[in-house]
Amino acid sequence: KPDCILTDVGSVKTNIHEHIKAAGLEHNFIGGHPMAGSEKEGYLHSSNKIFNNRNYILMPYPHTKEENIKILKSIIYKIGFTNIITTDYKTHDHKIAFTSQLCHIIASALVESAEDTEITQFGGGSFEDLTRIAMINAPLWTELFLANKTELLSHIESFEKSLNKIKLQIENSEEKNLQENLELVRSKRILMVENQGK
């Protein structure tokens with residue numbers, strides 16, 4: 001119908017939005033991304049609570065009817081989401097490459113670098129917290145990494161620079177620089193927590 005609302009729940013948006021535009025469906029389409037998931041797969045691990053108190057990202061076009069956005073938001077709130085962020089699809093792909101895809105790559109690389117599978121016997125929670133998402137759906141995440149590779153590679157390079165800086169500070173026993181760096185990181189993370197609820 002000409003007045004219907006179309007949406008999706010994909011993790012990478014640029015290709016989808018470009019195809020929607022080519023199909024002439026921009027006036028119907030509002031891109032959507034539920035920021036909820038689990039490392040466990042399949043129906044047996046499904047949960048009616050997975051969306052509770054999570055973020056949902058919407059990507060309407062500039063000319064999208066406000067009424068259509070309100071209708072979609074009301075549905076999103078009813079299924080449990082509490083925070084809806086509105087942005088454009090290019091910003092989405094840039095940010096998600098960092099908060100989701102890069103995190104999965106770091107977790108995967110950390111697990112891969114482990115000397116053995118008994119290492120968790122020496123764990124105190126840090127390794128477990130950092131690597132839960134490494135129990136990855138390989139076909140799905142391969143597709144996502146490649147679909148958003150330009151943005152993702154940019155974030156990987158930034159992460160490599162930060163990691164190398166800390167590595168050199170340790171290697172050169174730069175106690176003062178290392179401590180200052182860690183204090184700045186701590187302050188930045190506290191600000192992130194404060195901004196999370198806005």
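One can find the structure itself at the top, above this paragraph.
Cut-offs used in this document
- Sequence order sets the numbering: in each chain, residues are counted from 1 along the sequence as written.
- Local features in a predicted model are, by the rule used here, given only for residues with pLDDT of at least 70; side-chain atom pairs are given and counted only at 80 or more, and totals for whole chains, interfaces and linings are based on all residues.
- Hydrogens are left out, water is left out, and the side-chain values use all remaining heavy atoms of the structure.
- Only C-alpha atoms enter the line fits that serve as axes; for helices the fit covers just the stretch in contact. Angles between N-to-C directions range over 0 to 180 degrees.
- Strands here mean DSSP runs of E at least two residues long; helices mean DSSP runs of H or I at least four residues long; both are numbered from the N terminus.
- Angles are sorted into four bins: roughly parallel if under 35 degrees, roughly antiparallel if over 145, roughly perpendicular if 65 to 115, and oblique for all others.
- Note: crossing handedness is left-handed where the near helix turns anticlockwise from the far helix by less than a right angle, and right-handed where it turns clockwise.
- Any two residues whose heavy atoms approach within 4.5 Å at even a single point are treated as in contact.
- Whenever Lys or Arg places a side-chain nitrogen within 4 Å of a carboxyl oxygen from Asp or Glu, that contact is recorded as a salt bridge.
- When DSSP finds at least two bridges between two strands, those strands are taken to pair.
- Think of it in three bands: residues with accessible area under 20% of the maximum for their type are buried, residues over 50% are exposed, and the middle band is partly exposed, with areas taken using a 1.4 Å probe on protein chains only.
- Whenever two N or O atoms come within 3.5 Å, that pair is a polar contact, provided that in protein one can donate a hydrogen and the other can accept it, and provided that, for residues adjacent in sequence, both atoms are side-chain atoms.
- Every crossover in which the path from the first strand over the helix to the second runs clockwise, viewed with the strands pointing away from the viewer, is termed right-handed.
- Expected helix span is taken as 1.5 Å per residue step, with the number of steps being one fewer than the number of residues.
- The arc under discussion is defined with respect to the helix axis, by the directions toward the C-beta atoms.

Caption draft 1: Here's a closer look at the packing of helix α3 (residues 89-112) against helix α5 (residues 138-147). One way to put it is that α3 packs onto α5 with a least axis distance of 11 Å and a crossing angle of 120°. Here α3 lies oblique to α5, going by the angle between them. Where α3 crosses over α5, the two elements pack in a sense that is left-handed. From α3, Ser100, Gln101, His104 and Ile105 reach across to α5, where they touch Trp141, Leu144 and Phe145.

Caption draft 2: Layout of the pattern of salt bridges. Enumeration over the complete set of coordinates arrives at two salt bridges. With a closest N to O distance of 2.7 Å, Lys176 and Glu180 form a salt bridge. On the criterion of helical spacing, the pair formed by Lys176 and Glu180 is a turn pair, its members being four residues apart in helix α7 (residues 175-196).

Caption draft 3: Broad picture of the sheet that holds strand β4 (residues 83-86). The strand order across the open sheet built from four strands is β1-β2-β3-β4, with neighbouring strands paired in mixed fashion. A strand with exactly one partner marks an edge of an open sheet, and here the two such strands are β1 (6-7) and β4. In this structure, β1 lies alongside strand β2 (residues 29-35), joined through two bridges in parallel fashion. Opposite Thr7, over in β2, you have Ile30 as the bridge partner. Lying over the sheet, α3 contacts β2 and β3 (55-59), oriented at roughly 145° with respect to β3.

Caption draft 4: Seen up close, the side chain of Lys13. Mapped onto the elements, Lys13 comes out in the loop between β1 and α1 (14-22). Residue classification places Lys13 among the buried positions, given a relative accessible area of 0%. Of the polar contacts made by the side chain of Lys13, one reaches the backbone oxygen of Gly10; its length is 2.9 Å.

Caption draft 5: Seen up close, the pairing of β4. Across four bridges, β3 lies against β4 in parallel orientation. The residue bridging Leu58 from the neighbouring strand is Thr86, located in β4. Handedness of the crossover joining β3 and β4 through helix α2 (residues 66-78) is recorded here as right-handed.

Caption draft 6: Representation of the environment of Val111. Counting through the fold element by element, Val111 comes out in helix α3. Sequence-wise, Val111 and His19 are 92 residues apart; in three dimensions their C-alpha atoms are separated by 37 Å. With residues near it in sequence (within four places) discarded, Val111 still touches Phe127, Thr131 and Ala134.

Caption draft 7: Examining the environment of Glu41 more closely. Along the polypeptide, Glu41 turns up in the loop between β2 and β3. We classify Glu41 as partly exposed; its relative accessible area is 49%. For the pair Glu41 and Asn137, spaced 96 residues apart in sequence, the C-alpha separation works out to 7.8 Å.

Caption draft 8: Structural view of the pairing of β3. Of all the five residues making up β3, four are buried; the element is thus mostly covered by neighbouring parts of the structure. Pairing analysis gives five bridges linking β2 to β3, with the strands arranged antiparallel. Looking at the pairing, Pro34 lines up with Tyr56 of β3.

Caption draft 9: Just the environment of Ile170, in detail. Tracing the backbone through its elements, the reader meets Ile170 in helix α6 (residues 149-171). Sequence separation between Ile170 and Asn52 is 118 residues, and the spatial gap between their C-alpha atoms is 41 Å.

Caption draft 10: Main features of α2. The first and last C-alpha atoms of α2 sit 19 Å apart over 13 residues, in line with the 18 Å expected at 1.5 Å per residue. Within α2 the residues assigned to the buried category are Asn68, Ile69, Leu72 and Ile76. All buried residues of α2 project into a common sector of 100° when viewed along the axis, lining one side. Exposed side of α2, more than 90 degrees from the buried face: Glu67, Lys70 and Lys78 are the residues found there. Buried residues along α2 sit in contact with β1, β2, β3 and β4. Backbone geometry just downstream of α2 places Gly80 in the positive-phi region, at approximately 120°.

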